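So the chains spell out like this:
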Amino acid sequence: KVHITIDGIKLYVPENYTILEAAKEVNITIPTLCFLKDVNEVGCCRMCVVEVKGARALQAACVHPVSEGMEVFTHTPKVMEARKVNLELILSNHNSMCQTCTRSWMDCELQSLANKLSVDNVRFEGEQKKQPLDIGVSIVRDPNKCILCRRCVSACKNIQTVGVIDCVNRGFETKIAAPFNLSLADTPCVNCGQCINYCPVGALHEKSDIDQVWEAIYDPDTHVVVQTAPAVRVALGEDFEMPIGTPVTGKMVTALRMLGFDKVFDTDTGADLTIMEEGAELIDRIRGGGTLPLITSCSPGWIKFCEHNFPDMLDHLSSCKSPHQMFGAVLKTYYAQKEGIDPDKIFVVSVMPCTAKKFEASRPEMNVDGRPDVDVVLTTRELGKMIYDVGIDFPDLGDSDFDDPFGNASGAGVIFGTTGGVMEAALRTVADILNDSSADNFEYEEVRGLEGIKIATVEIADLKVRAAVAHGLGNARKLMEAIRAGEEFHFVEIMACPGGCINGGGQPLQLSDVRNWIDVREERAKGLYKEDRATYIRKSHNNPAVKKLYKEFLGMAGGKKSHDLLHTHYHE
Ligand code: HC0
Ligand code: SF4
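Conventions adopted
As a convention, each chain's residues are numbered from 1 in the sequence order in which they are written. By the order in which they are written, chains take letters starting at A while ligands take numbers starting at 1. For a predicted model such as this one, the threshold for reporting local features is a pLDDT of at least 70, and the threshold for listing and counting side-chain atom pairs is 80 or more; totals across whole chains, interfaces and linings nevertheless cover every residue. Residues are counted as near a molecule or strand when the C-beta atom, derived from backbone positions, lies within 6 Å of that molecule or strand. The way it works is that DSSP assigns letters per residue, a run of H or I at least four long becomes a helix, a run of E at least two long becomes a strand, and they are numbered from the N terminus. We call Asp, Glu, Lys and Arg charged. Ala, Val, Leu, Ile, Met, Phe, Trp, Tyr, Cys and Pro are nonpolar, and the rest, Gly among them, are polar. With C-beta atoms placed from the backbone, the exposure class of a residue follows from how many other C-beta atoms lie within 10 Å of its own: 20 or more, buried; 12 or fewer, exposed; in between, partly exposed. For two strands to be treated as a pair, DSSP must find at least two bridges joining them. Note that the arc is computed from the directions linking the helix axis to the C-beta atoms. Each residue is represented by a C-beta atom placed from its backbone, and any two residues with such atoms within 7 Å are regarded as in contact. The split of the chain into domains comes from an automatic or database domain assignment.

Digging into the site of ligand 1
At step 1: Taken together, 23 residues are adjacent to ligand 1, and Ala229, Ala231, Cys298, Cys354 and Cys501 come closest.
At step 2: Sorting the residues of the shell around ligand 1 by element identifies α8 (267-288) and α10 (323-339) as the ones contributing at least two each.
At step 3: No other element matches the four residues that α8 contributes to the shell around ligand 1.
At step 4: Grouping the constituent residues of the shell around ligand 1 by class yields 13 nonpolar, eight polar and two charged.

Take a look at the structure:
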């Protein structure tokens, strides 16, 4: 530890602290813009400058380490003026059409900084860029809003190891772009949206599909069905200033009915169905000597990453469609027949924490008899926006239940939304099937938590099941390389986003001021495990709606009908 002084306050802090961290100890939050803990620690925006006694120039607090005897001043006139000038220079080039910016209803970090630094006038005459927008199926990039903080570049390159965007050119011509100025859609971008999660302004956002949903809702001839992913329920409240990770399942169902959806279903039912199919696939591969490890296929960012980077290993992927796609296929067949509705009149909307799900739903193989399984995917943010737009006071809503005939899903379906959840859900079911009994101990702590790669050996019947879980594509790459090199597992779960879906690219944005000090993923995961513990049925194979679905319609898990409706294939 070292002794330092900040604004005259003496403190004793670990020597690996930066000035930014040390200042936080004495309740001073130094403003930052480019800094994102563990993601982007480059000190390029100069917003966090401070005076250090004896140093000739101002220092960037986010990267400058503390040292014995250091004296720091965080708000001298020189510091305040330097921060203001830096911000005014950024603002002078920025397209400040805030009224029409996607970030205007959420907190824009640039706006709040201008506020915090009392910038009431921009003293520099900058030039504003006029570049075309890059609009993909999932992601929109607006270079005119970009402030070159490089947070997206770091997320894509360092965390995801995809690296399709980078800083190009110099001076005023500097911009963030894909190689050869390609549209992201023409690159190996996996649509994970992690770049959006870290963007401080409106330069990156999902492609909005809200209008299509309103159109369907307003059409009296269309039966509009909505399904909500596991991770949405522990994040949607954040759009309405509720604490991070608060479960709002009941309020969300109430709001969806108020918006005008005809039926409100739970993707967790699809997750239970996935476990039945994937569990059968796993047992089949273990018993029949099939390709192992079996690797989960529910994260579309991961699937695209695998297709681009590990095309030689596609036979490891489970052939299961992801839960919301399976559920969409069931809605347009079984549900349509049961309720006597023309499947062409059913419009399925999936609310997902994920931007890649928009791309997934648009893949041509994701259909049954030429009808797309899912018509539109909305992100959690888009749902929040719809609720906000019509003026619903979300935090004050009462609770409602999901609709029948699918009712409430199992707790295993709920935990799908966090890293390790699909693995745990599968183990709960596979253990009961192979042991031919119902286990009382089914909380698999060893696959929970935020470690990048988790490895566990679980004894089931006479088998020692070797399991591995990776989240974030950088970790996925490491694990895949180990498997390619010969490391043996039976079952592997991979989710594209760090933390799993709870931290998906479509979740409510948490600003760097929050992300730098709180692990958002931990709070949201807690919410899911809490919901799991509160559910009456906690194993997928005990979900009565799923049992009934097999009895009345599908036959057996892994059977012919399942294969036609619920499974897919991949492209090299
Ligand atoms: Fe997920 Fe899913 S758990 S991918 O993370 O498997 O997006 O929440 O909906 O489909 O169920 C996302 C979350 C889902 C799917 C489920 C899976
Ligand atoms: Fe990179 Fe993901 Fe953003 Fe694509 S969506 S540019 S892969 S971070």
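As for the site of ligand 2
At step 1: Surrounding ligand 2, one finds 15 residues, the nearest of these being Cys156, Val162, Cys189, Cys192 and Cys195.
At step 2: Among the elements of the structure, α4 (151-159) and α5 (194-198) are those that each provide at least two residues to the shell around ligand 2.
At step 3: For the shell around ligand 2, the class distribution of residues is eleven nonpolar, four polar and no charged.

Quick word on unusual backbone geometry
At step 1: Residue Pro293 is bonded to the preceding Leu292 through a cis peptide linkage, with omega at -5°.
At step 2: Topologically, Pro293 is positioned in the loop between α8 and β13 (294-295).
At step 3: With an omega of 15°, the peptide bond running from Asp404 to Pro405 counts as cis.
At step 4: Relative to the assigned elements, Pro405 resides in the loop between α12 (380-389) and α13 (411-414).
At step 5: Unusually for a residue other than glycine, Asn169 sits at a positive phi of about 65°.
At step 6: Tracing the backbone through its elements, the reader meets Asn169 in the loop between β8 (166-168) and β9 (175-177).
At step 7: Assessed through the 9 C-beta atoms surrounding it within 10 Å, Asn169 is described here as exposed.
At step 8: Although it is not a glycine, Asp369 sits at a positive phi angle of roughly 50°.
At step 9: Structurally, the position occupied by Asp369 is in the loop between β15 (367-368) and β16 (371-372).

A closer look at the sheet that holds strand β7 (residues 139-141)
At step 1: Ordered by their spatial adjacency, three strands build an open sheet running β6-β7-β10, and the pairing between neighbours is antiparallel. Strands at the two margins of the open sheet, each flanked by one partner only, are β6 (134-135) and β10 (204-206).
At step 2: Pairing of β7 with β10 involves three bridges; the strand directions are antiparallel. Paired with Ile139 across the two strands is Glu206, which belongs to β10.

A look at helix α18 (residues 544-554)
At step 1: Looking only at α18, the buried set comprises Ala545, Val546, Leu549 and Leu554. The arc that holds the buried residues of α18, viewed along the axis, is 95°, so those residues lie on one side. What points out from α18, more than 90 degrees from its buried face, is the exposed set Lys551 and Glu552.
At step 2: Elements that come into contact with the buried residues of α18 comprise α8, α10 and α19 (560-566).
At step 3: Backbone geometry just downstream of α18 places Gly555 in the positive-phi region, at approximately 85°.

Topic: the domain arrangement of the protein chain
At step 1: Segmentation of the protein chain into domains returns domain 1 (2-88), domain 2 (131-206) and domain 3 (211-566).
At step 2: The C-alpha centroid of domain 3 is placed 27 Å from the C-alpha centroid of domain 2.
At step 3: Across the contact, 17 residues belong to domain 2 and 24 residues belong to domain 3.
At step 4: With three residues, α5 is the single largest residue contributor to the side of domain 2 that touches domain 3.
At step 5: The class makeup of the residues in the side of domain 2 that touches domain 3 is nine nonpolar, seven polar and one charged.

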